[in-house]
Amino acid sequence: MKVAVLYEINKPLVIEEVTLPPLKYGQVLVKLKTSGLCHKQLEEMTGKRGHDPFLPHLLGHEGAGIVKDIGPGVSFVNKGDHVVLGWMKGKGINSEPPEYTNGRNKLNAGWITTFNEYGIYSENRVTSIKKEMPFDVACLLGCAVTTGYGVVNRIAKMESRKKVAVFGIGGIGLNVVQWASVRGATHVIAVDLRNDKLELARRIGATHVINAGNEHAVDAVRTITDGGADYVFEAAGNIHVMEQAYEATNGKGLTVLMGVPKKEDKLCIDPIPLYLGRRITGCHGGDTVKDEDIPLAVDLYLQGKLKLNELITERIHLSGINEAFQRMKEGKIVGRSIIEFERSSPD
Ligand SMILES: [Zn+2]
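From a predicted model like this one, the values you see are computed outputs, not experimental measurements.

### With respect to the packing of helix α3 (residues 144–155) against helix α4 (residues 171–182)
1) Next: Where α3 meets α4, the closest approach of the two axes is 8 Å, and the angle between their N-to-C directions is 55°. When the interaxial angle is binned, α3 and α4 end up oblique. Crossing of α3 against α4: the hand is right-handed. For the pair formed by α3 and α4, the contact residues are Ala 144, Val 145, Thr 147, Gly 148, Tyr 149, Val 151, Val 152 and Asn 153 on the first element and Gly 171, Ile 172, Asn 175, Val 176, Trp 179 and Ala 180 on the second.

### Concerning the coordination of the zinc ion
1) Next: Within the protein, Cys 38 (SG), His 61 (NE2) and Cys 143 (SG) serve as the donor atoms for the zinc ion, at 2.0 to 2.2 Å.
2) Next: Spacing between the donor residues of the zinc ion along their common chain follows C-x22-H-x81-C. On the criterion of sequence distance, the pair formed by Cys 38 in the loop between β3 (27–36) and α1 (39–45) and Cys 143 in the loop between α2 (135–138) and α3 is long-range, its members being 105 residues apart.
3) Next: Residue class for Cys 38 comes out buried when judged on its relative accessible area of 7%.

### A closer look at the nonpolar core
1) Next: Counting residues in hydrophobic clusters, the biggest one holds 50 residues, and the most contacted among them are Met 133, Leu 141, Phe 233, Val 256 and Leu 308.
2) Next: Formed by 28 residues, the second largest nonpolar core is a distinct cluster that contains Leu 6, Leu 13, Val 83 and Tyr 121.

### Details of helix α10 (residues 321–329)
1) Next: Of the positions making up α10, those classed as buried are Ile 321, Ala 324, Phe 325 and Met 328. With its buried residues spanning 95° around the axis, α10 presents them on a single face.
2) Next: Tucked into the core, α10 has its buried residues touching β1 (2–6), β2 (14–17), α1, β17 (312–316) and β18 (336–340).
3) Next: In the segment just after α10, Gly 331 is the residue with positive phi, at about 75°.

### A look at the domain arrangement of the protein chain
1) Next: Domain annotation for the protein chain reports domain 1 (2–142 + 308–340) and domain 2 (144–282).
2) Next: Relative placement of domain 1 and domain 2: their C-alpha centres are 30 Å apart.
3) Next: Around 1,000 Å² of area is buried between domain 1 and domain 2 when both sides are counted, 61% of it from carbon and sulfur atoms.
4) Next: On the domain 1 side of the contact with domain 2, Glu 310, Leu 311 and Val 334 bury the most area, a combined 48% of that side's loss.
5) Next: Applying the counting rule to domain 1 against domain 2 returns zero salt bridges.
6) Next: In this structure, the connection of domain 1 to domain 2 is made through two residue pairs in polar contact (both at pLDDT 80 or more).
7) Next: Considering only residue class, the side of domain 1 that touches domain 2 consists of seven nonpolar, four polar and three charged.

### Some details on the sheet that holds strand β14 (residues 229–234)
By definition, the strands of a sheet pair up through backbone hydrogen bonds, in either a parallel or an antiparallel sense.
1) Next: Taken in spatial order, the six strands of this open sheet run β13-β12-β11-β14-β15-β16, and their pairing is parallel. Either end of the sheet is taken by a strand with one partner, and the two such strands are β13 (208–211) and β16 (279–282). Sheet twist, expressed as the mean angle between neighbouring strand axes with direction ignored, is 15°.
2) Next: Along the sheet, helix α7 (residues 239–247) contacts β11 (163–167), β14, β15 (249–257) and β16; its crossing angle with β15, the most-contacted strand, is approximately 150°.

### Some points on the environment of Val 84
1) Next: Residue placement: Val 84 occurs in strand β6 (residues 82–86).
2) Next: We classify Val 84 as buried; its relative accessible area is 0%.
3) Next: The spatial distance from the C-alpha of Val 84 to the C-alpha of Ala 138 is 6.3 Å, given a sequence separation of 54 residues.
4) Next: Once residues lying within four places of it in the same chain are set aside, the contact partners of Val 84 are Gly 63, Ala 64, Arg 125, Val 126, Thr 127, Ile 129, Ala 138, Leu 141, Gly 142 and Ile 294.

Definitions and cut-offs
Residues numbered from 1 in each chain as written. Predicted model: local features only at pLDDT ≥ 70, side-chain atom pairs only at ≥ 80, totals over all residues. Heavy atoms only, no water. Axes fitted to C-alpha atoms, helices over the stretch in contact; angles between N-to-C directions. Helix = DSSP H or I, 4+ residues; strand = E, 2+ residues; numbered from the N terminus. Parallel < 35°, antiparallel > 145°, perpendicular 65-115°, else oblique. Left-handed = near helix turned anticlockwise from the far one by under 90°. Contact = heavy atoms within 4.5 Å. Donors = N, O, S within 2.8 Å, 3.2 Å for Na, K, Ca; no water. Buried < 20%, exposed > 50% of the residue type's maximum accessible area, 1.4 Å probe, protein only. Core = buried A, V, L, I, M, F, W, Y, C linked by side-chain atoms within 4.5 Å. Arc of directions from axis to C-beta. Domains from an automatic or database assignment. Buried area = accessible area lost by both parts, 1.4 Å probe. Salt bridge = Lys/Arg side-chain N within 4 Å of Asp/Glu carboxyl O. Polar contact = N/O pair within 3.5 Å; in protein donor to acceptor, adjacent residues only side chain to side chain. Nonpolar A, V, L, I, M, F, W, Y, C, P; charged D, E, K, R; others polar. Pairing = 2+ DSSP bridges.

Shown next as structure tokens:
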């Protein structure tokens, strides 16, 4: 089977043939149909996540496919199941990660890698889904879509008919826009510097968009919401944007910080509103419960209430992965780029 391997930081991934080891206790063999490309892998490939002791290794953390075999002890998935693969842990065994080899090198893989035609997974990283769910959109449920769900419903515990603003329309921000809309928010305001991202936000549920390069974002949110939004989410990872998100929150509202700031950054905010009822919190992921949240997202998609096709803005063959990451680096991918393993001709 073909896989993409990261041998060195800041070097292209190498596509090569590897052999599959036999399944061990708690492992599941999956033939992948699709995988999303997430910003986290670009960070790994460019060394943004610090020293990488696991090189060479496989990567990717959101996928979808069909179970081809199960190892001893596996009880939550069966041969033939359609599954979502994701980095979040769910029910089932937490097995040893697989070890692949290309005949010369041992290739590391954590519990989840998806830039590979087949993969061996720990049972608790695999979630069975309804067979009507198309594979292209199913892979999106392994990461950003379910994180967005968790942020809105589990972290913010958003009530319906509220006014919401989202600063930063990347993978997570976009999905927070969508889930806020599904949750029944009366106002969903998307704030970003790029019109193409704002356009996409509109297509999946934003009622208003603000280009922060053209107008004062805090004033604009306050005007649209008549005094500030009930929930403001920051997904830009920029300290000044975090301060703006707090400023754009109303007296009893909640500011949720999701972007990762730089190490030395310090937040500078007026604390008085906190005494009077405004709240601010941060989150790492969305406290997603994948065994509940993924099937729910599948149902909502099949009922036409969750828009996932709109999130896919590029489809590639595994062989085009380096060019796709280059486009991601240059900011040319507006939504999600996905790998379709059975595309007939390489891009
Ligand atoms: Zn991700």
